[in-house]
Amino acid sequence: MSGSPYEYPKEYDVIVVGGGHAGCEAALAAARMGCSTLLLTINADAIGLMSCNPAIGGLAKGHLVREIDALGGEMARNIDATGIQFRQLNTSKGPAVRSSRAQADKQLYRLRLKKALEAVFGLDVKQAIVDAVVTDGGSVAGVDTHLDVRYRGKTVILCTGTFLKGLIHVGLVNYPAGRAGDFPAMHLSDSLRRLGFSVGRLKTGTTPRLDAKTIDFSKTVRQEGDERPVPFSFDTKEIRRPRLPCYLTYTNEGTHEAIRSGLSRSPLYSGIIRGVGPRYCPSIEDKVVRFSGKERHQVFLEPEGLKTSEYYPNGVSTSLPYDIQVKMLRTIPGLENVEIVRPGYAIEYDFVDPVQLHPSLETKLVKNLFHAGQINGTSGYEEAAAQGIVAGINAARRVRGEPPMVLSRADAYIGVLIDDLTTKGAREPYRMFTSRAEYRLLLREDNADLRLSETGYRVGLLPEERFRKVLAKREGIEAFRKNLEETRLAAGHPLIRAVETAGGSPLRPGTTYAEALRRPEVTGAMLLASDPALRPASTEVLEQAELSIKYDGYIRRQEEEAKKLKKYEGMLFPPGFPFGTVRGLSAEVRDLLERVRPASLGQAQRIPGVTPAAIALLLVLLKRGEDGPPTTDSRGESAG
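Quantities reported herein were computed from a predicted structural model and do not represent experimental measurements.

Engineer: Account for the pairing of strand β7 (residues 130-136), naming residues and giving values.
Structural biologist: Taking burial as the measure, the seven residues of β7 include five buried ones, the bulk of the element. Taken together, the six bridges between β7 and strand β8 (residues 139-145) define a ladder with antiparallel strand orientation. Bridging from a neighbouring strand, alanine 132 pairs with aspartate 144 of β8.

Listed below in structure tokens is the structure:
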């Protein structure tokens, strides 16, 4: 930057850097909560752009989208308004792991999200590359841009995606970019290093985009979405949109041989790429090498929109040379004559170790500076948006002088996500799975509104009208369940005959509806069919009552476990607690605690490598109200 920057003549409450999924949710949350907000983005035409697959949701990711909606966010409503195929996943499994996924019209999704931002009073959108974070006395003061403009802000949220020193690889060719077609931010991560942050390097990738005119869909398997789409947003009554199918095909030995022929020129296998890639979403060359005994891999051909002929071949993310990409694709049934519109590529980018964050997503090193999205080591639109809404809420609450909103692991998948990041860090791109949540029967996708709407309303983001609907829904569920627990089967009841016809063990007269419903073979639909008096209940009320009754024992058990978790979460370490000098802890445990600096005993308990004996010692110190002795045991004896 040359000379003194031009000071923009307006100070903002909140400055958001980045117009991806994290940045959009952060900016919308802060502005809707009444804060003057500035969104700075490298390309104002690419706000909300889906850089990778044109889809929202999926296993565990659908949970995040529903939770964002329950808090008052935008992602669920945006996909409901722009989706072109909707599917419920894992419907044959238990309710805890069922998830929603939808294909989006990529351009419509972007345009609607941009319009949502532009429509909010008090939210300015400006195009600029941010080069540095400006601080004053250990607190953030604003940002400097590449045009020598300084924007002052009381809080700043960095949502930089893959743009921090982004480097794209196609074979042995590489070039700087935040994604294909967009400039990178080449100086911001250096600014963060100067502030003391630990900055690392990660890698992700995307697939080629294909021209539909050159695809023979007759050689693939057509896959339709659900006939009656289930909306993501609890506020969407019904989805009435044109829909498109996807198509399934497979790689084969010819494909794998083509891939192997290009490995010597692969940036992954020639040592050019040094960033760590996502373990759970490997490139096709990685899959072929790591799973050499597998004869074929699935390829889903996904449409990118209603008014484009581009298709996304989900399953063949690659950074192989262009000629190998063509050779590989043309071995796949249906793609024998395919033309590539945009080649696949890998991208390396800088990220900041998320253990340097409080659970509020405020950084520990710089007050009033927040990080959200891929800068924290995550992958995926949904993970980014979830962090974005939390950062936006907490930046606004900081401006208003209010305590942060922190969601625990027992509250939400968002809580699991943020706790994992701030407690364990990110050694590879983090992706959400249902298996990461200990209390997943409590954190179902279908009850996100019942779990989080009160929080969204309390912090001032969820409108009162929506919250009142949730309260009415909760009352309806409770009343309906009470009715089921009190109503008994009379002799000759139609449900008794229905169970006998289905081959189930006989139901006795006098059995309550709730007792009958606890049987695996009895469903809510059977109850409705047997008693017309129940039919006025809404589908949502019936589903929630049925789930709460069928899984009552399991739910109660997880609720008890969650209470224990909250007990330890409430045991907070005083500011500046000297983890590094606590007598009785091993040097390894002290180093781990100093690195993470957990906010609570519960968080300390989840740090990998911190032993139960160490937790017991810390518990004693907290109960005594001590900060711990100033020096370590000279004998080096250890509880860890």
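After presenting the structure, the write-up continues.
Engineer: Go over the sheet that holds strand β4 (residues 83-89) with me, naming the residues and quoting the values.
Structural biologist: If you walk across this open sheet you meet the three strands as β3-β5-β4, and the pairing is antiparallel. The open sheet has two free edges, formed respectively by β3 (55-57) and β4, since each of these has just one partner strand. For this sheet, the mean inter-axis angle between neighbouring strands, taken without regard to orientation, is 15°. Alignment of β3 against strand β5 (residues 99-104), held across three bridges, turns out to be antiparallel. Among the inter-strand pairings, glycine 57 is bridged to a residue of β5, identified as arginine 101.

Engineer: Report on the sheet that holds strand β17 (residues 310-314), specifying residues and quantitative values.
Structural biologist: One open sheet holds the six strands; their spatial order is β14-β15-β16-β17-β13-β18, and the pairing between them is antiparallel. Of all the strands in the sheet, the pair left with one neighbour each is β14 (221-223) and β18 (340-342). Shown here is a sheet whose adjacent strand axes are inclined to one another by a mean of 35°, direction ignored. Bridge analysis of strand β16 (residues 298-303) against β17 gives four bridges, and the strand direction is antiparallel. Looking at the pairing, leucine 301 lines up with proline 313 of β17.

Engineer: How would you summarise the packing of helix α6 (residues 253-261) against helix α8 (residues 322-329) if you had to cite specific residues and measurements?
Structural biologist: Running from N to C, α6 and α8 point in directions that differ by 170°, and their axes come no closer than 8 Å. On the basis of their axis angle, the class for α6 and α8 is roughly antiparallel. Together, Thr255, Ala258, Ile259 and Ser261 of α6 and Ile324, Lys327 and Met328 of α8 make up the contact between the two elements. Grouping the constituent residues of the contact of α6 with α8 by class yields four nonpolar, two polar and one charged.

Engineer: Lay out the packing of aromatic side chains with the relevant residues and their values.
Structural biologist: Evaluation of the coordinates by the stated rule reveals seven aromatic pairs. When the ring of phenylalanine 217 is compared with that of tyrosine 311, the centres are 5.3 Å apart and the planes differ by 50°; the resulting orientation is tilted. You can see phenylalanine 217 sitting in the loop between β13 (209-211) and β14 and its partner tyrosine 311 sitting in strand β17, a full 94 residues away along the chain. Accessibility expressed as a relative area gives 10% for tyrosine 311, which makes it buried. Look at phenylalanine 573 and phenylalanine 577: their rings are 5.0 Å apart centre to centre, the planes differ by 50°, and that puts the pair in the tilted class. Phenylalanine 577 matches phenylalanine 573 in its accessibility class, with the two residues each being buried. Here the aromatic residues Phe217, Tyr247 and Tyr311 are joined through ring pairs into a cluster of three or more. A cation over an aromatic ring shows up here: arginine 436 above the ring of tyrosine 430, its NZ or CZ 4.2 Å from the ring centre. Its guanidinium or amino end placed over the ring of tyrosine 568, lysine 567 lies 5.9 Å from that ring's centre, counting from NZ or CZ.

Reading the values: rules and limits
- Residues numbered from 1 in each chain as written.
- Predicted model: local features only at pLDDT ≥ 70, side-chain atom pairs only at ≥ 80, totals over all residues.
- Heavy atoms only, no water.
- Buried < 20%, exposed > 50% of the residue type's maximum accessible area, 1.4 Å probe, protein only.
- Helix = DSSP H or I, 4+ residues; strand = E, 2+ residues; numbered from the N terminus.
- Pairing = 2+ DSSP bridges.
- Axes fitted to C-alpha atoms, helices over the stretch in contact; angles between N-to-C directions.
- Parallel < 35°, antiparallel > 145°, perpendicular 65-115°, else oblique.
- Contact = heavy atoms within 4.5 Å.
- Nonpolar A, V, L, I, M, F, W, Y, C, P; charged D, E, K, R; others polar.
- Phe/Tyr/Trp six-rings, centres within 6.5 Å; stacked < 30°, edge-to-face > 60°.
- Lys NZ or Arg CZ within 6 Å of the ring centre and 35° of its normal.

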